Amino acid sequence: MIKSRVLAFALSALTVLPSVAAEQVNVYSARKEALIKPVLERFTEQTGVEVNLITGKADTLISRIAAEGSLTPADVLITTDVGRLYRAKEQNLLQSVDSEVLKQHIPARLRGEDNQWFALTKRARTIMYAKDRVDPAELSTMEALTDDKWQGRICIRSSSNIYNQSMVAAMIEQKGEAETLAWAKGLVKNFARPPKGGDRDQIRAVAAGQCDIAIANTYYLAGMHVSDDPAQVEAAQKVAVFWPNQDERGVHVNISGAAVTRHSNNADNAQKLLEFLITPESQQWYARHNQEYPVRAGVEQSEVLKQFGDFKAESIPLEVVGKLNGEALTLMDKAGWK
């Protein structure tokens, strides 16, 4: 049975989890409970290891682990975006995991250089366009979105969003700082409105005619397609996916991932959980319910993702993306990206 709590309290009023037990593992998860709890329950059913789950915002959980220090009950950190995993690593909150299972099934570019973090799923950040106002033949690359024809037509989240920061960091690594800064300035020039809201808000804005192009993660659009809310389905049906940069570097792909904390008292069970999360069963569940791309080869994508089509992804090591987060944020500020 999973014991779960939502992190809705200040660090001064920390909930205390049992830190030492032979057959349990304590998980701090930035993923919403509905997106992780079922697969954790399967882990308990198959291994007998009890999972204690706390969910909250990623940066709050990382700060909590840092504040708890060697007394932290956390064994596993689960979060989205390599920028956050790298942030936890830089604060010396993680430990290396020597697992042949994880090395075998997770490509080297999708895990830390020293095996302190591991991808669980992949998330593509790409161009989405209004079906009734944009001819996909007009689209080609992210860089081409700086063209004057897109002036006042692009919606995207703010520069405080780590998905955007990582996308820019990846471009810095591949195109250089000067070229990336010029691109960011050109993109800002073409914004339809000051950045606001989340990825779904950008997609809804395209559907509502407030802009013609959005940059967003595909699982948000896929989630809208399978939503129980007819309004979300209707909005999603007005928007299509375009894969840019297919003749060169490919589409930016980030991850959700997990790591074992430095002071884990249940490190063996923590490693066991990470290995369970990349079994075909777990990967299939993620693909179907979270609409994310499996990290393990041979696992089938969801039906909605199949409809988006195949694409070429960036091939750079994501550790580099984490390292360049600060440079990306500075560059976006210089470009006037609010």
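Thresholds, definitions, all that
Residues numbered from 1 in each chain as written. Predicted model: local features only at pLDDT ≥ 70, side-chain atom pairs only at ≥ 80, totals over all residues. Heavy atoms only, no water. Helix = DSSP H or I, 4+ residues; strand = E, 2+ residues; numbered from the N terminus. Buried < 20%, exposed > 50% of the residue type's maximum accessible area, 1.4 Å probe, protein only. Contact = heavy atoms within 4.5 Å. UniProt positions renumbered as here; feature names shortened; annotations may be inferred. Polar contact = N/O pair within 3.5 Å; in protein donor to acceptor, adjacent residues only side chain to side chain.

On to the environment of Val233. In this fold, Val233 is placed in helix H9 (residues 230–237). You can call Val233 buried: its relative accessible area is 18%. Beyond its immediate stretch of four places on either side in the chain, Val233 contacts Met224, His225 and Ser227.

Under the feature "binding site: Fe cation" (unreviewed entry), the UniProt entry names Tyr219 and Tyr220. Within the secondary structure, Tyr219 is located in helix H8 (residues 218–225). Not counting chain neighbours up to four residues away, the residues in contact with Tyr219 comprise Arg123, Tyr163, Asn290, Gln291 and Glu292. With respect to the secondary-structure elements, Tyr220 resides in helix H8. You can call Tyr220 buried: its relative accessible area is 16%. Polar contacts involving the side chain of Tyr220 include one to the side chain of Tyr219, which spans 3.1 Å.

Before going further, it helps to spend a moment on the side chain of Arg84. Structurally, Arg84 can be placed in helix H3 (residues 82–90). Contacts of Arg84, omitting those with residues within four sequence positions, involve Ala58, Asp59, Ile62, Thr79, Ile162 and Tyr163.

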